[in-house]
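# Secondary and tertiary structure notes
Read off the chains here:
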Amino acid sequence: MKIAPSVLAADYLRLGESVKAVEAADMLHLDIMDGHFVPNISFGPDIVRALRPQSPLFFDVHLMLTHPRRYLEAFQRAGADGITVHAECADDVAATLQEIREMGMQPGISLKPGTPVESLLPFLPLCGMVLVMTVEPGFGGQRFMAEQTEKLRFLKCAAPGVLLEVDGGINMETAKICRDAGADILVAGTSVFGAPDVSAALRALQAL
Ligand code: DX5
Ligand code: ZN
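To keep things clear, this report deals only with the structure shown in the data block. What you are looking at is a predicted structure, and each value in this text was computed from that prediction instead of being measured. (Residues numbered from 1 in each chain as written. Chains lettered and ligands numbered in written order. Predicted model: local features only at pLDDT ≥ 70, side-chain atom pairs only at ≥ 80, totals over all residues. Heavy atoms only, no water.)

## As for the coordination of the zinc ion (ligand 2)
At this site the zinc ion (ligand 2) is bound by His29 (NE2), Asp31 (OD), His62 (ND1) and Asp167 (OD), with donor distances of 2.0 to 2.3 Å. Taken together, the six donor atoms coordinating the zinc ion (ligand 2) span angles of 68 to 165 degrees at the metal, a pattern that classifies the geometry as octahedral. Here the donor residues for the zinc ion (ligand 2) map to a single chain with the spacing H-x1-D-x30-H-x104-D. Residue aspartate 31 is found in strand β2 (residues 28-33), and its partner aspartate 167 is found in strand β7 (residues 163-167); the two are separated by 136 residues along the sequence. (Donors = N, O, S within 2.8 Å, 3.2 Å for Na, K, Ca; no water. Tetrahedral: all angles 85-135°; square planar, octahedral: opposite > 155°, others 65-115°. Helix = DSSP H or I, 4+ residues; strand = E, 2+ residues; numbered from the N terminus.)

Shown next as structure tokens:
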């Protein structure tokens, strides 16, 4: 299984070391929260820029922002390789995805648990990746919503060429559910960075 550890759950006093401990991962997931689109504030492009020289991984930036389009350039300059925006944001989603692609990054779209998967249909041809949320976005360490994996089965047929990423509540048990439902890559925060041996936890998930 491909795994994208989420920096949100890392030790912020030792971010550089934390990122190095997961260099065998498949991507690095960076959760950006504005305190408006979600009821939490995380970090911004300066932290992403500081991490860039510490890791050769694909930087998978998840923008939980009301106005993601305003920040595309800042995250590109900071070293983002892919940018995911939410279907529920206040910007023109199609134009934002197109702009991400024109800027040379991989465009991704995400949806909250309450958003029907059919609402993504007009955007799928514009995306390289779909990020299915299996928790309400905003916080790490929440319980996995298994019923959300139905969206993966739908997307597997509706968008065969698009990468399917799952985010929220991933551990050794829930990862199997996602794998069986057709996920290509799993975001894991607490189960990797909260483990006593971070690289062993990562390897165990990757071995699934
Ligand atoms: C939640 C974030 C997730 C979060 C996952 O809004 O999008 O990426 O870091 O954390 P865990 O793996 O702890 O559920
Ligand atoms: Zn995320």
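That covers the picture; the talk isn't over yet.
## Re helix α4 (residues 93-102)
Regarding α4, the residues found buried are Val93, Ala95, Thr96, Leu97 and Ile100. Taken together, the buried residues of α4 touch α3 (72-78), β4 (82-86) and β5 (106-111). For α4, the capping residue at the N-terminal end is aspartate 92, with a side-chain oxygen 3.3 Å from the backbone nitrogen of alanine 94. Just downstream of α4 lies glycine 104, where phi reads positive at about 90 degrees. (Buried < 20%, exposed > 50% of the residue type's maximum accessible area, 1.4 Å probe, protein only. Contact = heavy atoms within 4.5 Å. Polar contact = N/O pair within 3.5 Å; in protein donor to acceptor, adjacent residues only side chain to side chain.)

## Focus on the sheet that holds strand β1 (residues 2-5)
By way of backbone hydrogen bonds, the strands of a sheet pair with one another, either parallel or antiparallel. In spatial order, the strands read β1-β8-β7-β6-β5-β4-β3-β2; together these eight strands make up an open sheet with parallel pairing. With partners counted over all chains shown, the strands left at the sheet margins are β1 and β2, one partner each. Neighbour-to-neighbour, the strand axes of the sheet open up by a mean angle of 25 degrees, direction not taken into account. As paired elements, β5 and strand β6 (residues 129-133) share four bridges and run parallel to each other. Note that in β6 the partner of leucine 111 across the bridge is valine 132. Sheet strands touched by α4: β4 and β5. Its angle to β5, the strand with the most contacts, is close to 150 degrees. (Pairing = 2+ DSSP bridges. Axes fitted to C-alpha atoms, helices over the stretch in contact; angles between N-to-C directions.)

## Description of the site of ligand 1
Neighbouring ligand 1 are 20 residues, the closest being Asp31, Gly138, Asp167, Gly189 and Thr190. Between ligand 1 and the protein, one listed contact pairs an oxygen atom with a side-chain N or O atom of aspartate 31 at 2.7 Å. Across the complex, the protein chains shield 99% of the 380 Å² of accessible surface that ligand 1 would expose by itself. Looking at the shell around ligand 1, the elements with two or more residues in it are β2, β3 (59-64) and β8 (185-188). Per-element tally for the shell around ligand 1: the top contributor is β2, with three residues. Here the residues of the shell around ligand 1 sort into eight nonpolar, 10 polar and two charged. (Near = heavy atom within 4 Å. Areas by Shrake-Rupley, 256 points an atom, 1.4 Å probe, with all protein chains shown as cover. Nonpolar A, V, L, I, M, F, W, Y, C, P; charged D, E, K, R; others polar.)

## Some details on the nonpolar core
Nonpolar side chains tend to gather and get buried jointly when the protein is soluble and globular. Core analysis: the largest hydrophobic core is formed by 59 residues, its most contacted members being Leu30, Leu63, Ile83, Val130 and Leu186. Met27, Leu131, Ile185 and Val187 belong to the second largest nonpolar core, which has eight residues in total. (Core = buried A, V, L, I, M, F, W, Y, C linked by side-chain atoms within 4.5 Å.)

## Quick word on helix α8 (residues 198-206)
Looking only at α8, the buried set comprises Val198, Ala201, Leu202 and Leu205. One face of α8 carries all of its buried residues, which in axial projection span an arc of 100 degrees. Against the buried residues of α8 lie β1, α1 (15-21), α6 (172-181), β8 and α7 (190-193). At the N-terminal end of α8, a side-chain oxygen is found 3.3 Å from the backbone nitrogen of serine 199, two or three residues along, and the residue is aspartate 197. (Arc of directions from axis to C-beta.)

## Comments concerning the side chain of threonine 149
By the secondary structure assignment, threonine 149 is in the loop between β6 and α5 (150-158). Here threonine 149 is in contact with Phe144, Ile177, Cys178 and Ala181, once residues within four sequence places are set aside.

## Quick word on the pattern of salt bridges
In total, this model carries nine salt bridges according to the counting rule given. Several salt bridges converge on common partners, so that one network encompasses Asp11, Arg14 and Glu17. (Salt bridge = Lys/Arg side-chain N within 4 Å of Asp/Glu carboxyl O.)

Limitation: the analysis is restricted to geometry and does not speak to function.
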